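Single-letter residue listing:
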Amino acid sequence: MDANKKAVPGETSTAQKTALAGCDHITEPNINTQAARLLTALQTGQKINPLDAWARLGIYRLADVVFQLRGMGHSIQTDTVSVLNRFGETCRVAGYWLPSAGADHA
C-alpha cells in the first residue's frame with residue numbers, strides 16, 4: 001500500500017481481493033460494522049429483507065453489504081419474499097439467509 005494512502009476500515013485491498021480469488025477461504029468482517037451486524041443476524045437463523053435491515057440493523061444498502069459478505073466467502077442465499085408496505089400493498093423484495101444457519105425459508 002502506498003505510504004501516503006490510509007487504509008479504510010472494512011475495505012478490502014486489491015492484494016486481499018487477489019489473494020481471496022479462487023480460494024475457499026472465508027474471512028470475517030471487521031467488528032462493529034454493518035457487515036458484522038448482518039452476518040451475526042444471519043448466523044442466528046434470521047432471514048433479513050431490506051426493511052428489517054434498515055429498522056433493526058441500521059443498514060440502508062443491504063444488497064451492497066450482502067455483496068461484501070459474499071466476497072468474503074459467505075454463502076448467503078436469496079429468495080423473493082412478499083411483504084406489506086405502509087399502504088397495505090403487497091410488494092416483493094429480496095430476503096437473505098444462510099443455509100447453514102437453519103433459517104425457515106417458507
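Draft legend 1. Focus on the packing of aromatic side chains. All told, the structure shown has 1 aromatic pair when counted by the stated rule. Both rings, one in W54 and one in Y60, keep their centres 5.2 Å apart while their planes meet at 75°; by these two values the pair is edge-to-face. For W54, a relative accessible area of 49% gives the class partly exposed.

Draft legend 2. Layout of the pairing of strand β2 (residues 90-97). Relative to β2, strand β1 (residues 77-84) runs antiparallel, the two being bridged by 8 bridges. Looking at the pairing, D79 lines up with G95 of β2. The loop that links β1 with its antiparallel partner β2 comprises 5 residues; one of these, G88, has a positive phi angle of about 80°.

Draft legend 3. Layout of the nonpolar core. Grouped together as the largest cluster of nonpolar side chains are 17 residues, with contacts concentrated most on L38, I48, I59, L62, L69 and I76. Those elements that place two or more of their residues in this core are α2 (34-43), α3 (50-57) and α4 (62-71). If we ignore the near neighbours within four places in the chain, the residues touching I76 are L42, V66, L69, R70, Y96, W97 and L98.

Draft legend 4. Local environment of the environment of T80. Relative to the elements of secondary structure, T80 occurs in strand β1. A sequence separation of 16 residues divides T80 from Y96, and the C-alpha atoms of the two residues are 8.8 Å apart. What T80 contacts, discounting residues up to four positions off in sequence, is R92 and V93.

Draft legend 5. Main features of a nonpolar patch on the surface. A cluster of nonpolar residues, L51, W54 and Y60, forms a patch on the protein surface that exposes about 430 Å² of accessible area. Mapping W54 onto the fold places it in helix α3.

Rules and cut-offs
- Residues numbered from 1 in each chain as written.
- Predicted model: local features only at pLDDT ≥ 70, side-chain atom pairs only at ≥ 80, totals over all residues.
- Heavy atoms only, no water.
- Phe/Tyr/Trp six-rings, centres within 6.5 Å; stacked < 30°, edge-to-face > 60°.
- Buried < 20%, exposed > 50% of the residue type's maximum accessible area, 1.4 Å probe, protein only.
- Pairing = 2+ DSSP bridges.
- Helix = DSSP H or I, 4+ residues; strand = E, 2+ residues; numbered from the N terminus.
- Core = buried A, V, L, I, M, F, W, Y, C linked by side-chain atoms within 4.5 Å.
- Contact = heavy atoms within 4.5 Å.
- Patch = residues over 30% accessible without salt bridge, like charges linked within 9 Å, V, L, I, M, F, W, Y side chains within 5 Å.
- Areas by Shrake-Rupley, 256 points an atom, 1.4 Å probe, with all protein chains shown as cover.
- Salt bridge = Lys/Arg side-chain N within 4 Å of Asp/Glu carboxyl O.

Geometry only, nothing functional implied.
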